[in-house]
Amino acid sequence: MNDPFAAHDITHLSASAINEYIANPARWILHVSGYRDNLGIPAMWRGIAVDKALSRACFDTSVSEAQIIQWAFDEFDTRLEDAKASGATIFEAKVATERDNLTRYMQPAIPHFRQLGVPLATQKKIKLEFEELPIPIIGYLDLLYDGVVRDIKSVNRLPSKVPDATSRQLAIYATAEECTPVIDYVHATKTQSQVVVKPVLDIEHHMMVVRRAALNMMNLLSYSSDIQQVASLLVPDLDDWRWSDGEREAARELWRI
């Protein structure tokens, strides 16, 4: 099978790459070119901190709530220090807001996940292959229980419906594991904290979109082994909120704008 991905050193796809291509194909092309802002932002650090602390707590039922919350602070602070060490611009107000809210996220989430029992696995690697794609889709699910895959999303605004991007991510995990996908929204504001459980529906539809997007990605890369030639097929919208400052600068160089 012809493999346009190989010419661009891509060995696998992921749910995040597929979702990025759908939402902002130019930004995905920038990532393919080799530039990626791995530091993230405070909201991302919060999400990772909550996720890792809760996943760890599921397997250690003897540890105190205070210690679990401290794990979240430690994870957040590690990422903050990495950003500082890199010389990245730090917006102290945003950092303080996300860090101060960690306890609000963790307090309702700890009993929620503990009452579910010990999971079969956390951060389990999944691999999904399709005949029409020369490379697999690879990902790492949050929590796997008997017949159920659960994903932790910490949010300050509770969505009225599960976003399509999230549904695609969980559809991939559910298809790989042949199980039911569920989102656990850990929702916290200044006035309330809660965990809202939402099922992921229409798995077949979301997998159809995943496959179609992956084929589109392959077709786009087949235009040339030169990423600048591929980039010339697109025009980036640098007003899109998804771009970091570093990505905007790199995009201006790639697209010479």
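Residues numbered from 1 in each chain as written. Predicted model: local features only at pLDDT ≥ 70, side-chain atom pairs only at ≥ 80, totals over all residues. Heavy atoms only, no water.

Asker: What is the right way to read the overall build of the protein chain from this model?
Answerer: Helix and strand content of the protein chain: 10 helices and five strands. The C-alpha atoms of the protein chain give 19 Å as radius of gyration, which agrees with the globular expectation for 257 residues (18 Å, within 12%). Expressed as lengths along the three principal axes of its C-alpha atoms, the size of the protein chain is roughly 55 × 45 × 30 Å. Considering only residue pairs separated by 6 or more positions, the protein chain has 71% of its internal contacts joining residues 24 or more positions apart. Total accessible area computed for the protein chain in this model is approximately 13,300 Å², and 48% of it derives from carbon and sulfur atoms. Between the centroid of the 27 positive side chains of the protein chain and the centroid of its 35 negative side chains there is a distance of 4 Å. (Helix = DSSP H or I, 4+ residues; strand = E, 2+ residues; numbered from the N terminus. Rg over C-alpha atoms; globule rule 2.2 N^0.38 Å. Contact = heavy atoms within 4.5 Å. Areas by Shrake-Rupley, 256 points an atom, 1.4 Å probe, with all protein chains shown as cover. Lys, Arg positive; Asp, Glu negative; His and termini not counted. Charge placed at Lys NZ, Arg CZ, Asp CG, Glu CD.)

Asker: Just checking my understanding: could you explain helix 8 (residues 203-221) for this structure?
Answerer: Residues three or four positions apart in an α-helix share a direction because the helix packs 3.6 residues into each turn. Over its 19 residues, helix 8 runs 27 Å from end to end, which matches the ideal 27 Å to within 8%, given 1.5 Å per residue. Listed as buried for helix 8 are His206, Met207, Val210, Ala213, Ala214, Met217, Met218, Leu220 and Leu221. Looking down the long axis of helix 8, one finds its buried residues gathered within 165° of arc, a one-sided arrangement. Among the exposed residues of helix 8, those oriented more than 90 degrees off its buried face are Glu204 and Arg212. Check the buried side of helix 8 and you find it contacts helix 1 (15-23), helix 2 (25-32), strand 1 (121-128), strand 2 (137-145), helix 7 (164-177) and helix 9 (227-231). (Expected span 1.5 Å × (residues − 1). Buried < 20%, exposed > 50% of the residue type's maximum accessible area, 1.4 Å probe, protein only. Arc of directions from axis to C-beta.)

Asker: Quick question: what am I supposed to make of the pattern of salt bridges here?
Answerer: Where side chains of opposite charge bring their charged atoms close, a pairing between them can arise. Taken as a whole and judged by the stated rule, the model has 14 salt bridges. The partner of Arg27 in a salt bridge is Glu247, with the nearest N and O atoms 2.9 Å apart. Taken together, the positions of Arg27 in helix 2 and Glu247 in helix 10 (residues 245-255) put the pair 220 residues apart, joining distant regions of the chain. The salt bridge partner of Asp240 is Arg242, with a shortest N-O separation of 3.0 Å. Overall, the relative accessible area of 13% leaves Asp240 in the buried class. (Salt bridge = Lys/Arg side-chain N within 4 Å of Asp/Glu carboxyl O.)

Asker: I tried to follow the nonpolar core on my own but got confused; where do I start?
Answerer: Within soluble globular proteins, side chains that are nonpolar generally end up buried alongside one another. Judged by nonpolar contacts, the single largest core of 51 residues is most densely connected at Phe5, Leu13, Trp28, Ile29, Ile172 and Leu221. Ranked by the residues each element gives to this core, the list is headed by helix 8, at eight residues. Beyond its immediate stretch of four places on either side in the chain, Ile172 contacts Ala15, Ile18, Ile126, Leu128, Ile137, Met207 and Val210. Counting residues in each nonpolar core, the second largest holds 28 residues, with Tyr105, Ile110, Val186 and Ala188 among its members. (Core = buried A, V, L, I, M, F, W, Y, C linked by side-chain atoms within 4.5 Å.)

Asker: Quick question: what am I supposed to make of the sheet that holds strand 2 here?
Answerer: The pairing of strands in a sheet happens through backbone hydrogen bonds and is either parallel or antiparallel. Pairing is mixed in the open sheet, where five strands are placed in the order 1-2-3-4-5. Each having just a single partner strand, strand 1 and strand 5 (193-199) make up the two edges of the open sheet. The mean inter-strand angle of the sheet, taken between neighbouring strand axes irrespective of direction, is 40°. When strand 3 (residues 148-155) meets strand 4 (residues 180-188), the two strands line up parallel, connected through eight bridges. Paired with Asp151 across the two strands is Ile183, which belongs to strand 4. Contacts between helix 7 and the sheet are confined to strand 1, strand 2, strand 3 and strand 4, with strand 1 contributing the most and set at about 85° to the helix. (Pairing = 2+ DSSP bridges. Axes fitted to C-alpha atoms, helices over the stretch in contact; angles between N-to-C directions.)

Asker: Sorry if this is basic, but what is going on with the pairing of strand 4 here?
Answerer: The side chains of a regular strand alternate, first on one face of the sheet and then on the other. The buried count for strand 4 comes to eight of nine residues, which makes it a mostly enclosed element. For the crossover that starts at strand 3, traverses helix 7 and ends in the parallel strand 4, the hand is right-handed. Pairing analysis gives seven bridges linking strand 4 to strand 5, with the strands arranged antiparallel. Pairing of Asp184 across the sheet is with Val197, part of strand 5. Taken together, strand 4 and the strand that follows it, strand 5, pair antiparallel across an intervening segment of four residues. (Right-handed = clockwise from strand over helix to strand, strands pointing away.)

Asker: What is the right way to read the environment of Ser225 from this model?
Answerer: Along the chain, the position of Ser225 falls in the loop between helix 8 and helix 9. Spatially, the C-alpha atom of Ser225 lies 45 Å from that of Val196, the residues being 29 residues apart in sequence. With sequence-adjacent residues up to four places away left out, Ser225 is seen in contact with Ala7 and His8.

Asker: What is the right way to read the packing of helix 7 against helix 8 from this model?
Answerer: Helix-helix packing: each pair is described by the crossing angle between the helix axes and the interaxial distance. Here helix 7 crosses helix 8 at 100°, and the two axes come no closer than 9 Å. Looking at the two axes, helix 7 sits roughly perpendicular to helix 8. The segment helix 7 lies against helix 8, with Asp164, Ser167, Arg168, Ala171, Ile172 and Thr175 engaging Ile203, His206, Met207, Val209 and Val210. When the residues that make up the contact of helix 7 with helix 8 are grouped by side-chain class, the tally is six nonpolar, three polar and two charged. (Parallel < 35°, antiparallel > 145°, perpendicular 65-115°, else oblique. Nonpolar A, V, L, I, M, F, W, Y, C, P; charged D, E, K, R; others polar.)

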